[in-house]
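Take a look at the letters that make up each chain.
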Amino acid sequence: MTAERFDPSVADGRWQAAWDEAKCFEADSASDKPKTYVLEMFPYPSGRIHIGHVRNYTMGDVLARYHAMRGREVLHPMGWDAFGMPAENAAMEKGVHPGGWTYANIETMKGQLKQLGFALDWSREFATCDAEYYGHEQALFLDLFENGLVYRKESEVNWDPVDMTVLANEQVIDGKGWRSGAEVEKRKLNQWFLKITDFAEDLLDGLSTLEGWPQKVRLMQENWIGKSQGLEFAFDLSNGEQLPVYTTRPDTIFGASFVAVAADHPIAQGVAAQSAEARDFIELCKKGGTTAAELETAEKLGFDTGITARHPFTGAELPLYIANFVLMDYGTGAIMAVPGHDQRDFEFASKYGLPIPRVVAPSVDEAAKPFDGEAEAGEGVLVNSDFLDGMSVEDAKAEVIARAEKGGWGKGTTVWRLRDWGVSRQRYWGTPIPFIHCEACGVVPVPKDQLPVKLPEDVSFDTPGNPLLRHPTWKDTACPVCGGKAERETDTLDTFVNSSWYFLRFASQPADKPFDAAEVAQWMPVDQYIGGIEHAILHLLYARFWTRALAHCGKLEVTEPFASLFTQGMVTHETYSRKDGPREVYFTPAEVDRTGNGAVLKEDGQPVSIGKVIKMSKSKKNVVDPEDIIRDYGADAVRWFMLSDSPPERDLPWSEAGIEGCGRFVQRLWRLFRQYDDSASGEDIGLARKTHQTIAAVAEDIEALAFNKAVARIYELTSAAEKAAPSADRNHAIRSLLLMASPMMPHLAEEGWAAMGGDGLVAEASWPEVDEALLVEDEVTIAVQHKGKLRDTLTAPRDASKEDLEALALASEKVQRSIDGAEIRKVIVVPGRLVNIVT
RNA sequence: GCGGGCGUGGCGGAAUGGUAGACGCCGGGGACUUAAAAUCCCCUGUCCUUUGAGACGUGCGGGUUCGAGUCCCGCCGCCCGCACCA
């Protein structure tokens, strides 16, 4: 007979090889079956798989395997988001080539993923740093260019003068470069932009169609796009100029008591040219911090320019200030300030002694009501506002916009928070932007037949800056238009571009073009996309934009790439540390022995303190290496742990005790599988019911991604089958358990399947059938309540009538004792559930 | 400030308005064993000179209902996103 214990160290590898050989997981685009595309966010090849990847890919794997069992043709691909800074950092630190470093990491991580037995179609694997992939990306970029969605613009960037590179906002810490520590400068550079703002309305509207997305993510995107509607109009200034301003509260226009512009507004610059005082003030504004806390506490500061602005209705001359709280890159960079109904304006007016008129009040009778130390931004009726008096805020907005448009001095406009997407990066390890700079012809696209523009291999990272710019010959080329001497663009594309269309390339990968529209149409949209919440905005918005942009160019039919999105929680772990003087020294879980309530350091046997359960991070050393735990417990125990206990959208606390429990359950199921007995016969109707109910419920749970609930049901049926005597129904229960567990513990399932004499591979088996007739019980337990409190339970036929149930309930001795002769006023009967007696 | 989410045993968490705490972990007790490992069984929210089909119990206070963890109103606490966005 079979081994007493399931040995993953032998079985895992055996079945992984068997799946590879049978090509179980290669998706067939030509299949007649209905299709399901399951995708997890592809990893950055940083070096090793971490536990978050394991959780992410295990969830997707369960879905992929489950849908295959349900007769779907499943596409479940994997690849590598392989461009990016860490490779260049490694090059600088260790003197290796970014490409060599990246491909070596891919090799390692692919091996690790294989150890987990994921049902991935490796035949479609690619890395975004493959010249083939980024060549196609360059072609797509040129398509967008031809369709007017790509442009160049001078814009301000964070420049690290030591590393000689542009930094993303996140790489600027306290005004200093995160690597060099150098004071970051603002520099104006010519940058490439994608016109994502052309799609702002469309991206916003599309959100309402994404019913399979978490509400949270939809709201985050909505806020990010930031649509606001209001009035744009221009003030006539006392110096003869015009000042356009934007407001979302045109209704409060009679409450405007000053006008303010941003420090970098042209008007401010003009004033600064005349006044040293103004220059000093502008300098001061630029120094202000940008962190949340700083902004919250930052004092409102202003500089009176001496210029005045004429109010369009009253003709009053309002003072014009340069103010530190006005932003240049939103609206027009200038505002009409209404202190009574905007908190910032209120603070500013209070400080500089400007009038704070009330123009909105709870009722018309309260036009003179004083303010209670702060602005009132809420609803009400208009007061002290001439022809607007008595109107609602909404009506007044419309009225002012209508008058402004009629008078030709302003118009209703929509303003977006969303900015165009700057994609230029002064880095080596990215997709070269396929353009050429010619002195005679300007900026010209590289002809498509010359793609890919490949990265040079012979680069050095010995000195800071962009290696492409420094390379002795790479940028030298001929102008494709005039044939004269020209230079290649040395900027590369933001890595978010790479991940904005990879799902299309997974679906279809012809050699001569980025993808085939018809083949893509067969797979897209992705039915279930799974990844971390950290990509809720940028990646998902960019991918939605690229899909729309490509559709706009006629390359695609679909507009929304991801029909359903699931954002999984993090894997967390408690921390172990000791105080060493003022600083906290952390220890890895492997260095620590967990005892009852405490923990001791293995090395010296002395206690360490147990800290909070937080996200695994290198700095807190609370990490576990997937490879270690796979070695100790086998892939299936690790996978099972990832699915048990915590709902998948919440954080999952890793624990040694938990993984041990999972390891035990793997063996427990194995022992049950061994009890499968062909010679057993006879019925066990109770177990049969439980089996069919479990099959139906587990299917429902998996489809809802409620893996923790599916796991609990499998535990329950396992217990029931263990306790049951041998019978044909018990054999069926065991077989069904094996099949239900197979998406989660595929190696164990294959091993058990083989031992039971099942045909072929479980990976290619079908989901067990449900007998609907067995889903309902003949007899049900009825709760009997007296005045809403449980007094007794009784067993009754499933279809017992209300009258019968009432009679049964009243016959209960316990119930009678509780009623104690009181008058029965009402009896509520819910058939099949309960009886509630009210006295 | 704006927007969103969440508060249930020692812990992770179950619960279409209908028996709160399924399932797992931890803990306790027992069986098997020369012993250990492995495994199996039982107990495990709080309280109680009524040990009982008792009382209390899902952050707090109200409400709706025959019945509320679930619905409504008002608080408190924690978490996340955005943020001087006019």
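Everything in this summary refers to the structure shown in the same document. Because the structure is predicted, anything quoted here is derived from the model rather than measured.

So, about helix α11 (residues 343-352). When we look at burial in α11, the residues that qualify are D345, F346, F348 and A349. Within α11, the buried residues cover an arc of 170 degrees as seen down the axis, which keeps them to one side. Against the buried residues of α11 lie β10 (258-261), β11 (302-310), β12 (317-323) and β13 (334-337). Two residues or fewer past α11, G353 is found with a positive phi of approximately 65 degrees.

Glancing now at the environment of K787. Residue position: K787 is located in the loop between β32 (779-786) and β33 (789-797). In the structure, K787 is positioned 128 residues away from I659 in sequence and 45 Å away in space, judged by C-alpha atoms. Ignoring anything within four residues of it in the chain, the contact list for K787 reads N836, I837 and T839.

This part is about the pairing of strand β8 (residues 227-237). Both β8 and strand β16 (residues 410-416) contribute to a ladder of 7 bridges, which runs antiparallel. Considered in β16, the bridge of K227 is made with W416. Pairing geometry for β8 and strand β9 (residues 242-247), over 6 bridges, is antiparallel. Note that in β9 the partner of F235 across the bridge is L243. Taking the residues that link successive antiparallel strands as the turn, the β8-β9 hairpin has 4 residues, and the phi of G240 there is positive, at about 90 degrees. Relative to β11, β8 is paired through 2 bridges, and the arrangement is antiparallel. In the sheet register, D236 faces β11, and the bridge partner there is R310.

This next bit is on the sheet that holds strand β35 (residues 834-838). Hydrogen bonds between backbone atoms are what pair the strands of a sheet, whose relative direction is either parallel or antiparallel. With mixed pairing, the 4 strands of this open sheet are ordered in space as β33-β32-β35-β34. The two strands at the open ends of the sheet, each matched to only one other strand, are β33 and β34 (826-830). Going from strand to strand, the sheet's axes swing by 20 degrees on average, the running direction of each strand aside. Sheet topology note: the β32/β35 ladder contains 4 bridges and is parallel. Looking across to β35, one finds that H786 is bridged to I837.

About the criteria used
- Residues numbered from 1 in each chain as written.
- Chains lettered and ligands numbered in written order.
- Predicted model: local features only at pLDDT ≥ 70, side-chain atom pairs only at ≥ 80, totals over all residues.
- Heavy atoms only, no water.
- Buried < 20%, exposed > 50% of the residue type's maximum accessible area, 1.4 Å probe, protein only.
- Helix = DSSP H or I, 4+ residues; strand = E, 2+ residues; numbered from the N terminus.
- Arc of directions from axis to C-beta.
- Contact = heavy atoms within 4.5 Å.
- Pairing = 2+ DSSP bridges.
- Axes fitted to C-alpha atoms, helices over the stretch in contact; angles between N-to-C directions.

Remember that the coordinates give geometry; whether it matters functionally is a separate question.
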